[in-house]
Amino acid sequence: MALVNTFLSEVRETVFAHRDSTFGPLPPLLLGLTVVTGLVDSFSYLVLGHVFVANMTGNVVFLAFALVGAPGFSIPASLTALGAFGLGALIGGRVCSTLAKHRARLLSTCTMIQAFFMTVSVVLAGLSGTTATAGFRYGLIVVLGVSMGIQNAAARKLAVPDLTTTVLTMTITGISADGPIAGRTGAKAGRRGLTVVAMFLGAVVGALLIVHAQTVYPLAIALVMVGSVSGVTRVLGASDPAWSEVQG
């Protein structure tokens, strides 16, 4: 029973984070961006071919597959995604360096820039139709890769525990390795489980829309969510609350 109460408490504290807590409203905002990752990667994989724009581990593996001639994988697509993501991370890193002392301005600015690239992706996806030609395909890989690189750089700088928004491997490892069966008490299964569910939910919604509706819809939803995170963060951080101060 104690484990269940702890789990529910962690879920509640993550979704309904108190403004006076260490990270303030950042946990639910980053959960929203985790959903964005699922939406965007479902689009890139299902519409743009075997390529991710957020999960760079997958692209490294896909690149290896392509190099040995495995069908369905593209060396240029994987390299383009890796390069675009790196460029986005560089842009996000510059913003983080400039706004290093203010979490709210850092996140709102990064997501505002991210929203610009997401807007371009929505336009390109709308123009390309259901089957993207090579020009549209690589254009979408670039703008989406840059967008997700910016997001990842922001999440890395904010350093909210277990909320990286794009990587789940260590999160899932922590649920088991830090749990009571392993003789430990730091599983944080509530928060970590929410991040897994958030990305899964984004991917499911994205895939459903691509298969049964319009391929542009996942990107449109992602754009609305990124824009909302930017606006909400700017409003909540306008009065320079304690949580907006970067620690360390």
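Residues numbered from 1 in each chain as written. Predicted model: local features only at pLDDT ≥ 70, side-chain atom pairs only at ≥ 80, totals over all residues. Heavy atoms only, no water.

**Some words on empty space enclosed by the protein**
Per the counting criterion, the structure on display carries 1 cavity of 30 Å³ or more. Counted as a void, the largest cavity has a volume near 40 Å³. By residue class, the composition of the lining of the largest cavity is 4 nonpolar, 6 polar and 1 charged. (1 Å grid on protein atoms, 1.4 Å probe; cavity = no way out; pocket = protein on both sides within 12 Å on 5 of 7 lines; lining within 4 Å. Points joined across faces, edges and corners; volume = space filled by probe spheres on them. Nonpolar A, V, L, I, M, F, W, Y, C, P; charged D, E, K, R; others polar.)

**Some thoughts on the pattern of salt bridges**
Tallied over the entire structure, the rule returns 1 salt bridge. When the shortest N-O distance is used, the salt bridge between D162 and R192 registers 2.9 Å. Here the residue D162 occupies a position in the loop between α6 (134–158) and α7 (169–177), and R192 occupies one in helix α8 (residues 189–212), the gap between them amounting to 30 residues. For R192, a relative accessible area of 8% translates into the label buried. (Salt bridge = Lys/Arg side-chain N within 4 Å of Asp/Glu carboxyl O. Helix = DSSP H or I, 4+ residues; strand = E, 2+ residues; numbered from the N terminus. Buried < 20%, exposed > 50% of the residue type's maximum accessible area, 1.4 Å probe, protein only.)

**Quick word on the environment of L99**
As for its placement among the helices and strands, L99 is situated in the loop between α4 (75–98) and α5 (103–128). Between the C-alpha atoms of L99 and C110, which are 11 residues apart in sequence, the distance is 10.0 Å. Other than its neighbours up to four places away in sequence, L99 contacts R105, L106 and T109. (Contact = heavy atoms within 4.5 Å.)

**What about a nonpolar patch on the surface?**
On the surface, a nonpolar cluster with roughly 390 Å² of combined accessible area is contributed by L67, V68, I75 and L79. Tracing the backbone through its elements, the reader meets L79 in helix α4. (Patch = residues over 30% accessible without salt bridge, like charges linked within 9 Å, V, L, I, M, F, W, Y side chains within 5 Å. Areas by Shrake-Rupley, 256 points an atom, 1.4 Å probe, with all protein chains shown as cover.)

**Observations regarding the nonpolar core**
In a soluble, globular protein the nonpolar side chains are often hidden away together inside. Core analysis: the biggest nonpolar cluster contains 54 residues, and V40, F43, L48, L144 and L219 have the highest contact counts within it. When sequence neighbours within four positions are dropped, the list of residues in contact with V40 reads V53, M118, L144, M148, L219 and A222. (Core = buried A, V, L, I, M, F, W, Y, C linked by side-chain atoms within 4.5 Å.)

**Points about the confidence of the model for the chain**
Averaged over every residue, the pLDDT of the chain is 87; the share at 70 or more is 91%. Per-residue pLDDT, averaged within each element of the chain, yields its smallest value for helix α1 (residues 2–15) (70) and its largest for helix α9 (residues 217–236) (95). (pLDDT = per-residue confidence, 0-100.)

**What to know about the environment of V205**
Mapping V205 onto the fold places it in helix α8. Look past the residues within four positions of V205 in its chain and what remains in contact with it is L39 and I221.

**Things to note about the layout of surface pockets**
The computed volume of the largest pocket comes to approximately 330 Å³. In terms of lining residues, the largest pocket is bounded by 20 residues, among which D41, N55, T166, V167 and M199 are the most central. Elements represented by at least two residues in the lining of the largest pocket include exactly α2 (26–47), α3 (56–67) and α8. Considering each element in turn, the lining of the largest pocket owes the most residues, 6 residues, to α2. Residue composition of the lining of the largest pocket, by class: 11 nonpolar, 8 polar and 1 charged.

**Focus: the packing of aromatic side chains**
With the rule as written, the count across this model stands at 7 aromatic pairs. Clustering of aromatic rings is evident, with ring pairs tying together Y45, F52, F62, F65 and F73. Lying over the aromatic face of Y138, R137 brings its terminal NZ or CZ to 5.5 Å of the ring centre. (Phe/Tyr/Trp six-rings, centres within 6.5 Å; stacked < 30°, edge-to-face > 60°. Lys NZ or Arg CZ within 6 Å of the ring centre and 35° of its normal.)

**Structural notes on the packing of α4 against α5**
Where α4 meets α5, the closest approach of the two axes is 9 Å, and the angle between their N-to-C directions is 150°. Of the possible angle classes, the one that applies to α4 and α5 is roughly antiparallel. Relative to α5, α4 is oriented so that their crossing is right-handed. The residues of α5 that touch α4, namely those facing I91, G92, V95 and C96, are L106, T109, C110 and I113. (Axes fitted to C-alpha atoms, helices over the stretch in contact; angles between N-to-C directions. Parallel < 35°, antiparallel > 145°, perpendicular 65-115°, else oblique. Left-handed = near helix turned anticlockwise from the far one by under 90°.)

**Quick look at the side chain of S121**
Along the chain, S121 falls in helix α5. Using a relative accessible area of 0% as the deciding quantity, one classes S121 as buried. If sequence neighbours within four positions are ignored, S121 has contacts with L140, V143, L144 and L219.

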